[in-house]
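Working through the structure, step by step
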Amino acid sequence: MDQQNNTLQPHVLIFPLPFQGPVNCALKLVELLCLSGIRVTFLNIEHIHRSLLRHTQVLSQFSRYPNFRFETIPDGLEHENPVSGDRFMEVMDDVDVVTKPLFWEMMFSGRLSRKADRPVTVMIPDACFSFAVDIAIEASILVICFETIGPGALWTSYLNLPTLIEAGDVPFKGVFFLLFLI
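If you're wondering where the values come from, they're calculated on a predicted model, not measured in any experiment.

On to the side chain of Asn 67, then. Looking at where Asn 67 falls in the secondary structure, it is placed in the loop between helix H4 (58–62) and strand S3 (68–73). Excluding its chain neighbours within four sequence positions, the residues that come into contact with Asn 67 are Cys 34, Gly 37, Ile 38, Arg 39 and Val 40.

If you want it as structure tokens, here you go:
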């Protein structure tokens, strides 16, 4: 197959939010795309990828798909500390500082760029990665955001919970809360 025909075949890049739940959701999407014969690259930050390899059978699970590959990107996280929801903003800041420029490089001159044997034709980043959307638009790549966190959970758990605790609203107190529990 010549290079021109090769580039016309779809190649989807999946780039999930670097937490267990979003990664699991994205891997289910990957499997569906692989079953349909589409070439898929799963881009993961190094910290989460190491955990996947250590605690799951993900390599053997996806080894049956010749049209699939894992890629990793540096993340700037301390690898001794687990990545959990209570570190959401810290993880996102590290991804923004460290991963964002490396991702741009990867998409414009690296192994996923138009210069690659199989360039990415569709990008499906987590909706929290607005920088990935900007890069896809700049690279003229179709982009579809994949939201894996419900808005209620995102608002209360990650963005607003510290404010609620500081205000003394959490933990809930008073008769109203007791009535609500009954």
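So much for the structure itself; the text now carries on.
As a further point, take helix H3 (residues 46–55). Turning to H3, its buried residues number three or more, namely His 47, Ile 48, His 49 and Leu 52. Here the buried face of H3 lies against helix H2 (20–35), strand S2 (39–45), H4 and S3.

So, on to the confidence of the model for the chain. Of all residues in the chain, 72% attain a pLDDT of 70 or more, and the chain-wide mean is 79. Between the elements of the chain, mean pLDDT differs from a low of 46, seen in helix H8 (residues 175–181), to a high of 95, seen in strand S1 (residues 11–15). The low-confidence segment residues 175–182 (pLDDT under 50) makes one contact with residues lying over four places distant or belonging to another chain.

The next thing to look at is the pairing of strand S4 (residues 122–125). Covered by surrounding structure in S4 are Val 122 and Ile 124 together with Met 123 and Pro 125, the residues of both alternating faces. Sheet analysis places S4 next to strand S5 (residues 142–143), joined by two bridges and oriented parallel. Within the sheet, the bridge partner assigned to Val 122 lies in S5 and is Leu 142. Note on the crossover from S4 through helix H6 (residues 130–138) to S5: the handedness is right-handed.

All of the buried residues along H6 are Phe 131, Ala 132, Val 133, Ile 135 and Ala 136. Looking one or two residues past H6, Ser 140 carries a phi angle of roughly 60°, positive in sign.

Scanning all chains against the criterion turns up three salt bridges. A salt bridge links Glu 31 to Arg 64; the shortest N-O distance between them is 2.6 Å. Of this pair, Glu 31 sits in helix H2 while Arg 64 is found in the loop between H4 and S3, placing the two residues 33 residues apart along the sequence. Since its relative accessible area comes to 53%, Arg 64 is described here as exposed. In this structure, the salt-bridge partner of Glu 71 is Arg 111, at a minimum N-O distance of 2.3 Å. Residue Glu 71 is found in strand S3, and its partner Arg 111 is found in the loop between helix H5 (88–108) and S4; the two are separated by 40 residues along the sequence. Taking the relative accessible area as the measure of exposure, Glu 71 reaches 10% and is therefore buried.

With that settled, the discussion passes to the environment of Phe 19. Take Phe 19: it is sitting in the loop between S1 and H2. On the basis of relative accessibility, which here comes to 7%, the residue Phe 19 falls in the buried class. Through-space distance from the C-alpha of Phe 19 to that of Ile 48 is 7.1 Å; in sequence the pair is 29 residues apart.

Turning our eyes to something else, we now look at unusual backbone geometry. Phi angles above zero are rare outside glycine, and Ser 140 is one such case at about 60°. Along the chain, Ser 140 falls in the loop between H6 and S5. A relative accessible area of 60% means that Ser 140 is categorised as exposed.

Parameters and conventions
- Residues numbered from 1 in each chain as written.
- Predicted model: local features only at pLDDT ≥ 70, side-chain atom pairs only at ≥ 80, totals over all residues.
- Heavy atoms only, no water.
- Helix = DSSP H or I, 4+ residues; strand = E, 2+ residues; numbered from the N terminus.
- Contact = heavy atoms within 4.5 Å.
- Buried < 20%, exposed > 50% of the residue type's maximum accessible area, 1.4 Å probe, protein only.
- pLDDT = per-residue confidence, 0-100.
- Pairing = 2+ DSSP bridges.
- Right-handed = clockwise from strand over helix to strand, strands pointing away.
- Salt bridge = Lys/Arg side-chain N within 4 Å of Asp/Glu carboxyl O.

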